[in-house]
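The residues making up each chain are set out below.
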Amino acid sequence: MNKEEMIVKVLKALGHPIRFKIVKFLLIEPQCVCKLNENIEFSQSNLSQHIKILKDAGIIKGEKQGLNIEYSIANDNVKHIINMTEKFVEYYLNNIK
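If you're wondering where the values come from, they're calculated on a predicted model, not measured in any experiment.

Procedures and definitions
- Residues numbered from 1 in each chain as written.
- Predicted model: local features only at pLDDT ≥ 70, side-chain atom pairs only at ≥ 80, totals over all residues.
- Heavy atoms only, no water.
- Helix = DSSP H or I, 4+ residues; strand = E, 2+ residues; numbered from the N terminus.
- Expected span 1.5 Å × (residues − 1).
- Buried < 20%, exposed > 50% of the residue type's maximum accessible area, 1.4 Å probe, protein only.
- Arc of directions from axis to C-beta.
- Polar contact = N/O pair within 3.5 Å; in protein donor to acceptor, adjacent residues only side chain to side chain.
- pLDDT = per-residue confidence, 0-100.
- Contact = heavy atoms within 4.5 Å.
- Pairing = 2+ DSSP bridges.
- Phe/Tyr/Trp six-rings, centres within 6.5 Å; stacked < 30°, edge-to-face > 60°.

Okay, helix H1 (residues 3-14) next. For H1, built from 12 residues, the straight-helix expectation of 16 Å at 1.5 Å per residue is met to within 8% by its first-to-last C-alpha distance of 17 Å. Taken together, the buried positions of H1 are occupied by Val 10, Ala 13 and Leu 14. With its buried residues spanning 95° around the axis, H1 presents them on a single face. What points out from H1, more than 90 degrees from its buried face, is the exposed set Glu 4, Leu 11 and Lys 12. N-cap assignment for H1: the residue whose side-chain oxygen lies 3.1 Å from the backbone N of Glu 4 is Asn 2.

Structure follows, in structure tokens:
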């Protein structure tokens, strides 16, 4: 996979409302699927599919903690992507005429 294809993969992964919500929760603190499932009302299997897409895009990572896997943001660059996108949208919305 080349750089451009990976960029598209990351943006597609973040472009789904559920996956974006997962990332926003994980920016606050690492969480297991059970905690994510409390905040995102989907079946655990559906949530797991979204988590897999985020992992495959390198956005999140999972670490075994006892019987659970705790998911967290893969690196600080993800936080920068979210922050810059939010700033872009705020600027855009404030300057629509």
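It is worth spelling out the confidence of the model for the chain at this point. Residues of the chain with pLDDT of at least 70 account for 99%, and the chain-wide mean is 93. The least confident element of the chain, judged by mean pLDDT, is helix H3 (residues 33-39) at 85; the most confident is H1 at 96.

On to helix H4 (residues 44-56). Counted at 1.5 Å a residue, the expected span for H4 with its 13 residues is 18 Å, and the 18 Å between its end C-alpha atoms agrees. Within the sequence span of H4, burial applies to Leu 47, His 50, Ile 51 and Leu 54. One side of H4 holds all its buried residues, which, seen down the axis, span an arc of 100°. Exposed residues pointing more than 90 degrees away from the buried face of H4 are listed as Ser 45, Gln 49 and Lys 52. The secondary structure elements touched by the buried residues of H4 are H1, helix H2 (17-28), H3, strand S2 (60-65) and strand S3 (68-73). Trailing H4 by a residue or two, Gly 58 shows a phi angle of about 75°, which is positive.

Direction of pairing for S2 relative to S3: antiparallel, over a ladder of six bridges. Paired with Gln 65 across the bridge in S3 is Asn 68. Counted between consecutive antiparallel strands, the loop separating S2 from S3 contains two residues, among which Gly 66 sits at a positive phi close to 70°.

Another point: the packing of aromatic side chains. When we look at a pair of aromatic rings, we describe it by the centre distance and by the angle of the planes. Here the structure, examined in full by the defined rule, presents one aromatic pair. Look at Phe 88 and Tyr 92: their rings are 6.4 Å apart centre to centre, the planes differ by 20°, and that puts the pair in the stacked class. Taken together, the residues span about one helical turn, with Phe 88 and Tyr 92 both in helix H5 (residues 76-94) at a distance of four residues.

With respect to the helices and strands, Ile 18 occurs in helix H2. Residue Ile 18 is classed as buried on the basis of its relative accessible area of 12%. The spatial distance from the C-alpha of Ile 18 to the C-alpha of Ile 51 is 9.7 Å, given a sequence separation of 33 residues.

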